[in-house]
Structure formats: structure tokens, C-alpha cells
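Overview (structure and organization)
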Amino acid sequence: MAKIGIIFDFNGTLLFDGKYHDAAWRIFLQDLTMQDISHKEMNLYVKNKSAKEILEHFTGYELSSDMINQFAEEKERVYRSLLSKDRPGLAPGAEEFLNFLILSRTPVNIASTANIENMNYYFEEYNLGRWFTWEKVVIASGDIPPKPHPDMYHAAMQKIGLEKSETACFEDSEIGIKSAFNAGINHIIAVTGDSKNESLNKRPGVIACIKDYTELNQGLDILGD
């Protein structure tokens, strides 16, 4: 690949924050239902589920989009408060890798299903402007179909002037990998340090599987020719 650019998912890829999302859902749902939420219930009804699926299961009602969005943002406020308390760093090796990409003039972008409040928080807390341009980042804004649709990756590539044949990406979920592959990206690196999902290396388009960025060789050798 003579020219290469890289698009990152964020949550679970650049920031290992799965436990904070899980804790936030548990706290929020216990306040909402006034009942304890067991570990079994979390695994069955929260993990890998959409906000709609989670909320309608625990409330027992079909909810309007406005109500789902309101509840989901309340959960995200709990999530951000947990992050602010612990202040976890980016994934191991991520800052060093991003610095290398910028020094080597490699185009980079983010395609994330995070909402605008969360992405604003990440840019401020982690000084993401060192590597990424806010105006080019693609997030869940309501005007673009979310992953696994390919639209987020199409938009992220277009905003930094990349063709699919010039693009590699880092993802941590089956939905995200499917989104990138559907967008025509065939150089996908699965990051498993947060999800612990070792089966991601079997997904179409995945060329490598790493726990974190400390496993990368200096440079882009992992991306192939």
C-alpha cells in the first residue's frame, strides 16, 4: 500500500472503557428500576445490546425515541462521572502509536458511535486535538446510519481524502468490523484488550489481532503491502 491512512474506532479501541460502561448501566438501571441488577442479567440483557433493547427490557415498555435518548444520555452522564473519578489513560501504547502516525504524516481519523457529549469529553480529557481534527471526526449525530452500516466509515474516509484501498482501521467489535468491511476496508486490525473477544480474528477483513498498541512494530508493517 503506497499510501495509507488509518481510521480508529474509539471506545474499546483507543480507550479501554468497557467496565465503565457496564458500571454506568448497572448504576442507572438500579436507580431506574429500584432493583439490584445481577451479573447474570448484565450478561444477558446489557452486554452487546442497544440502548433500546436494554431499556425496553428493564422497563417492560416500548419506549419512544425521545425517551430512549433521554434515558441513554442520563446513563452517559453516569459513565462520564465514573471516568472523571478514575481518569484512565488511553489504551497501552496508543499515544506512542498516534505520535508516530502524526510524525510520519499518516492521515488519521475517528469513526465512533459515541455521542457528541462524550466525544467532547474525550477531546478535552485526552487532548485528542494533538492527533485528530474535531471537524473531521465522525460520531453518532443522528444524521448518519450507525454501525454496522458502512456510512460512518465512508464519511470518515471522505473527510481525510482516502479511498477504501488506502485505508486501514482499528476496531474492537463485530459490529464495527462489519461496518468497516461493508465500507470496503480490507485492512482491519482487531483490538481485543478490552473486549477479550479473540474470535474477532475470524471476521472478514481482519488481517491481525492485537491486545493493545504495544504489540505493534514501529511503523505500519502490520498493515501489509
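Further up the page is the structure itself.
Residues numbered from 1 in each chain as written. Predicted model: local features only at pLDDT ≥ 70, side-chain atom pairs only at ≥ 80, totals over all residues. Heavy atoms only, no water.

1. A closer look at the overall build of the protein chain
- Each helix and strand counted, the protein chain has eight helices and five strands in total.
- Listing the helices and strands of the protein chain from first to last along the sequence gives β-α-α-α-α-α-β-α-α-β-α-β-β.
- For a compact globule of 225 residues, the expected C-alpha radius of gyration is about 17 Å, and the protein chain comes in at 18 Å, within 12% of that figure.
- Projected onto the principal axes, the alpha-carbon positions of the protein chain cover approximately 55 × 35 × 35 Å.
- Per-residue burial over the protein chain gives 48% buried out of 225 residues.
- For the protein chain, the share of sequence-separated contacts (at least 6 apart) that also reach a separation of at least 24 residues comes to 63%.
- For the protein chain, the exposed area adds up to about 11,600 Å²; of that, 48% sits on carbon and sulfur atoms.
- A gap of 2 Å separates the mean positions of the 23 positive and 33 negative side-chain charges of the protein chain. (Helix = DSSP H or I, 4+ residues; strand = E, 2+ residues; numbered from the N terminus. Rg over C-alpha atoms; globule rule 2.2 N^0.38 Å. Buried < 20%, exposed > 50% of the residue type's maximum accessible area, 1.4 Å probe, protein only. Contact = heavy atoms within 4.5 Å. Areas by Shrake-Rupley, 256 points an atom, 1.4 Å probe, with all protein chains shown as cover. Lys, Arg positive; Asp, Glu negative; His and termini not counted. Charge placed at Lys NZ, Arg CZ, Asp CG, Glu CD.)

2. Description of helix 3 (residues 51–59)
- Within helix 3, the full set of buried residues consists of Ile54, Leu55, Glu56 and Phe58.
- Looking at the buried positions of helix 3, the neighbouring elements they touch are helix 1 (18–33), helix 2 (39–45) and helix 4 (65–86).
- Gly60 sits one or two residues past helix 3 and shows a positive phi near 80°.

3. Looking at the packing of aromatic side chains
- Taken as a whole and assessed by the stated rule, the structure comprises 13 aromatic pairs.
- When the ring of Tyr45 is compared with that of Phe58, the centres are 6.3 Å apart and the planes differ by 90°; the resulting orientation is edge-to-face. Of this pair, Tyr45 sits in helix 2 while Phe58 sits in helix 3, and the two are 13 residues apart along the sequence.
- Since its relative accessible area comes to 33%, Tyr45 is described here as partly exposed.
- Directly above the aromatic system of Tyr79 lies the positively charged group of Lys75, at a separation of 5.4 Å from the ring centroid. (Phe/Tyr/Trp six-rings, centres within 6.5 Å; stacked < 30°, edge-to-face > 60°. Lys NZ or Arg CZ within 6 Å of the ring centre and 35° of its normal.)

4. Here we look at the environment of Ile177
- With respect to the element layout, Ile177 can be found in helix 8 (residues 174–182).
- Not counting residues up to four positions away in its chain, the partners in contact with Ile177 are Glu171, Ile188, Ala190, Leu200, Arg203, Pro204 and Val206.

5. Quick look at the pattern of salt bridges
- All chains considered together, the criterion is met by nine salt bridges.
- In this structure, Glu56 engages Lys52 in a salt bridge whose closest nitrogen and oxygen atoms are separated by 2.9 Å. With Glu56 and Lys52 both in helix 3 and four residues apart, the pair spans about one turn of that helix.
- Residue class for Lys52 comes out partly exposed when judged on its relative accessible area of 39%.
- Across the pair Glu125 and Arg87 runs a salt bridge whose closest N-O atoms are separated by 3.2 Å. In this pair, Glu125 sits in helix 6 (residues 116–126) while Arg87 sits in the loop between helix 4 and helix 5 (94–103), placing the two residues 38 residues apart along the sequence.
- One salt-bridge network, held together by shared partners, links Asp9, Lys147 and Glu171. (Salt bridge = Lys/Arg side-chain N within 4 Å of Asp/Glu carboxyl O.)

6. A few points about the sheet that holds strand 5 (residues 206–210)
- Within the open sheet, the five strands sit side by side as 2-1-3-4-5. Their pairing is parallel. Since the sheet does not close on itself, it has two edges, and those belong to strand 2 (108–110) and strand 5, each with one partner. Within the sheet, the average angular offset between the axes of one strand and its neighbour, ignoring direction, is 20°.
- Pairing of strand 4 (residues 187–191) with strand 5, which is carried by four bridges, proceeds in the parallel orientation. Its bridge partner lying in strand 5, Ile189 is registered against Ala208.
- Most of the contacts of helix 7 (residues 151–159) go to strand 3 (residues 167–171), to which it runs at about 130°, and overall it touches strand 1 (5–8), strand 2 and strand 3. (Pairing = 2+ DSSP bridges. Axes fitted to C-alpha atoms, helices over the stretch in contact; angles between N-to-C directions.)

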